[in-house]
Structures are given as C-alpha cells and as structure tokens.
Amino acid sequence: MKKKTLLLLASLILTAFTANAQLGDILNKAAKKAAQKATEKITDKAVDAAAKSLESKLEQNKKQTPADENANEQPTSISLLLTTQMPELPTAEQYTKYKEAELNEQTLKMIVSPVASFQSNILSLSMKILSLTDSTELTEAAYRQAEMSTGLSREELDHLATLPDDQQQAYLQAHYKEGTAQAALIQQATEASEYLKPIQPLIDQWESFNSRIDDLYNTTDEQCKQIYHRYAQQLNKASDKERNKILIKYYSEIAPIMRNTVLQALQIRLSEQMPVAEQIEQHLSPIRAEHPDLFTLTLNYPRNTATLFLAEPTHMLDIPQYPD
C-alpha cells in the first residue's frame, strides 16, 4: 500500500464534499478540518472554486424546466463538455482592466467586464458538469462520506447548517470527533487502496500532472516575485489610489506571464490528465457499483479533473505580493 494513494483518496474525498451545493460551506468546513492533515495536493483555490461555482447556480438549476433541458441537450461526457463549452480565457489586458476596476471599487465596470462574463460562464459550466450525475445520489454519497470523515452524525451536520456563521466554528470545536474522523478516513483509504492496486500506475500518472502544473506555477511565482521587487519600494511608500496605480502597473506586467501559465495548465488538464482520468473511471466504475460505501459517486476522477480545470483561471484573480 502506497502512502500517496491514501493521500490522493483523502484529497479526492475532500474535493467531492465541496462539489455538492446542498451541503455547501458547512460540509466544506467540516471536510477541510477532517482532511487537512492528510492531504496537501488539492489546493484551497480548487476546493473553494468548486463550492462557490456550484452554490451560486443551485437555485437557477432547480428552476430549470424539463422543456428547457430538452431544448438544449448537453454532451454526456465531461471532457466533451469542457472541450465544446469552455469559454475563451480573457486577455491579459482585460484582466488588468478588471483588477483596476476592482481595486478602485468601480462596480459597473466590473459587471460589464469580459472577465465577469467569463466567470459567469464558468459557473454555468460547473453546474452542467454536476448535472451529469444524479443529484440525489450525489447528495447521499456526500452525506455518507461526511458522516464517516467528520465523526458527526447527519443530524449534527444538518443542525450545524442552521447556525449563524459565527457559531459554526464553536459548534465544530465542541462536537467534532477528530480521532473518529481521522481513523475513519485512514481506514476507508486503506481498504480502497487494495482495490486500486491494479490501476496504481494510472493513478501515479494522473498525479504526475498535478506536480507538473505545480512546477509551472512555482516558476511563474518566481518570475512575478522578481518583477514585484522592482515596485516594492514604491508600493511601500504609496497609499490609497496612488498605491492602486502602482499595483495595477505591476499587475499589467505579470498578467501576460500568469495567463500563459494558466493556458498551459488548462491544456495539460484537458488533453493529458483528462484521458488518464477517464481510463481510471473505466476501471473504477464497476468497483464502485460493487462497493458503493467504499467508492461512492463522489470519487470520480474525470469530475475532479474538471474541478481542477475550471479552477485554473482563478489564478488570474490574485495580484501576488511578496512583502519583505
């Protein structure tokens, strides 16, 4: 049994929690708390992007009529859906103008920006991907995983959802069963790893793409850091609008570099990692059917690859800064 298999399973379980809008932030917080010591591969950005994307479109999805769905038939393959409906990434200049409007609190300019339209389309695409799986089954699968991995009962999770945000953390601290949760995660991952041994080479290959993309961003980060240091002294002395001007000038210089990296990451996810994810799913699907409590619908490599794919553009929404 390989340690990285356990880590991968734990991280995929963690990602799956946030892919269900009905559980929302509550389950997201609980799942993060349970798995944060076990996984380092799935970033908070990918997790949060999936949660926010799905939650923001939930009500719209509920109101959609059968006639509407039939009038716009969607591809049944996740990879085909991404290939045919992924919107074009905004230009570096468009991102720069969007960030300038954001920093200066120019709401109208943000709303009409191509970046805002792009983000809206990403949210819609996220919901379409989720709709490829029966929502009731996915909800039940996520609940089963949540109960096991947090040590909380379904009643406790539901009660947690009724509490104000400022009381949720206190409730988790009082009721969260850390030992039970971690033991359950490790036990489940250990049992599951036995069934995954035959496809371990594929899992290793899938994981290698994450490492490649991490390396790309690390290289980009070093480039941004060098550029930032040219502006650091000015930024430290400036304030308010003057500082925003300098910050945007810096961002305009790094935006093309960051955008190129995002494009490379998207290409790797879709053209290289997704085919491997689909191969894994071909092997995993019959095993999941035979062991539904061990391999629920939430453990789906193509869907989790899509989650990571759709999260890549969020890198453009940050202006990396490197204080001394």
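Up top is the structure these notes are about.
Attention in this report is confined to the structure presented alongside it. (Residues numbered from 1 in each chain as written. Predicted model: local features only at pLDDT ≥ 70, side-chain atom pairs only at ≥ 80, totals over all residues. Heavy atoms only, no water.)

### Considering the overall build of the protein chain
- Broken down by element type, the protein chain carries 16 helices and zero strands.
- For the protein chain, buried positions account for 48% of its 324 residues.
- Of the contacts formed within the protein chain by residues at least 6 apart in sequence, a portion of 80% connects residues at least 24 apart.
- A total of about 16,300 Å² of accessible surface is found on the protein chain, and carbon and sulfur atoms cover 50% of it. (Helix = DSSP H or I, 4+ residues; strand = E, 2+ residues; numbered from the N terminus. Buried < 20%, exposed > 50% of the residue type's maximum accessible area, 1.4 Å probe, protein only. Contact = heavy atoms within 4.5 Å. Areas by Shrake-Rupley, 256 points an atom, 1.4 Å probe, with all protein chains shown as cover.)

### Description of the pattern of salt bridges
- Throughout the structure, instances matching the rule amount to eight salt bridges.
- Taking the shortest distance from any N to any O, the salt bridge between Lys99 and Glu102 comes out at 2.4 Å. Residue Lys99 and its partner Glu102 are both found in helix H7 (residues 92-103); the two are separated by three residues, about one turn of the helix.
- Taking the relative accessible area as the measure of exposure, Lys99 reaches 4% and is therefore buried.
- Here Glu102 falls in the partly exposed class, since its relative accessible area comes to 32%. (Salt bridge = Lys/Arg side-chain N within 4 Å of Asp/Glu carboxyl O.)

### What to know about helix H14 (residues 200-237)
- Taking 1.5 Å as the rise per residue, H14 with 38 residues should run 56 Å; its terminal C-alpha atoms sit 54 Å apart, in good agreement.
- At Tyr231, H14 shows its strongest bend, of approximately 50 degrees. (Expected span 1.5 Å × (residues − 1). Bend = angle between axes of the 7 residues up to and from the residue.)

### Overview of unusual backbone geometry
- Positive phi outside glycine occurs at Glu105, with the angle close to 55 degrees.
- Take Glu105: it is sitting in the loop between H7 and helix H8 (107-111).
- One non-glycine residue, Asp240, adopts positive backbone phi at about 55 degrees.
- Checked against the element boundaries, Asp240 lands in helix H15 (residues 240-290).

### What to know about the nonpolar core
- Counting residues in hydrophobic clusters, the biggest one holds 53 residues, and the most contacted among them are Leu82, Met86, Tyr250, Tyr251, Ile280 and Leu310.
- When residues of this core are traced back to their parent elements, those giving at least two are helix H6 (78-85), H7, helix H9 (114-131), H14, H15 and helix H16 (301-311).
- Looking at this core element by element, the count peaks at 16 residues for H15.
- By size, the runner-up hydrophobic cluster in this structure holds seven residues, among which are Tyr143, Leu152, Leu163 and Tyr171. (Core = buried A, V, L, I, M, F, W, Y, C linked by side-chain atoms within 4.5 Å.)

### Notes on the packing of H6 against H15
- In the contact formed by H6 and H15, the axes pass within 10 Å of each other and the chain directions differ by 160 degrees. On the basis of the axis angle, H6 is roughly antiparallel to H15. With respect to the hand of their crossing, H6 and H15 are arranged in right-handed fashion. For the pair H6 and H15, the contacting residues are Ile78, Ser79, Leu82 and Thr83 in the first and Leu270, Met274 and Glu278 in the second. (Axes fitted to C-alpha atoms, helices over the stretch in contact; angles between N-to-C directions. Parallel < 35°, antiparallel > 145°, perpendicular 65-115°, else oblique. Left-handed = near helix turned anticlockwise from the far one by under 90°.)

### So, a nonpolar patch on the surface
- A surface patch of nonpolar side chains, amounting to about 350 Å² of accessible area, comprises Leu108, Ile111 and Val112.
- If you trace the backbone, Ile111 turns up in helix H8. (Patch = residues over 30% accessible without salt bridge, like charges linked within 9 Å, V, L, I, M, F, W, Y side chains within 5 Å.)

### What to know about the side chain of Ser79
- Structurally, the position occupied by Ser79 is in helix H6.
- According to the relative accessible area criterion, Ser79 is buried, its value standing at 16%.
- Apart from residues lying up to four places away in sequence, Ser79 is in contact with Leu270, Met274 and Glu278.

### Quick look at the environment of Glu272
- Here Glu272 lies in helix H15.
- Of the residues examined, Glu272 reaches a relative accessible area of 30% and is grouped as partly exposed.
- In this structure, the C-alpha to C-alpha distance between Glu272 and Phe209, residues 63 residues apart in sequence, is 7.9 Å.
- Glu272 has contacts with Phe209, Arg212 and Gln267, leaving out every residue within four places of it along the chain.

### Some details on H16
- The buried fraction of H16 is high, at 11 of 11 residues.
- Capping the start of H16, Asn300 holds a side-chain oxygen 2.8 Å from the backbone nitrogen of Arg303, two or three residues further along. (Polar contact = N/O pair within 3.5 Å; in protein donor to acceptor, adjacent residues only side chain to side chain.)

### Side note on the packing of aromatic side chains
- A full pass over the atoms with the stated rule returns four aromatic pairs.
- Ring geometry for Tyr228 and Tyr250: centres 5.3 Å apart, planes at 75 degrees, overall edge-to-face. Here Tyr228 is found in helix H14, whereas its partner Tyr250 is found in helix H15, with 22 residues between them in sequence.
- Overall, Tyr250 belongs to the buried group, its relative accessible area being 0%.
- Here the aromatic rings of Tyr228 and Tyr322 are separated by 5.6 Å at their centres, their planes lie at 75 degrees, and the arrangement is edge-to-face. In this pair, Tyr228 is assigned in helix H14 and Tyr322 in the segment after H16, connecting sequence segments 94 residues apart.
- Taken together through their ring pairs, the aromatic side chains of Tyr228, Tyr231, Tyr250 and Tyr322 make up a single cluster. (Phe/Tyr/Trp six-rings, centres within 6.5 Å; stacked < 30°, edge-to-face > 60°.)

Nothing here speaks to function; it is geometry throughout.
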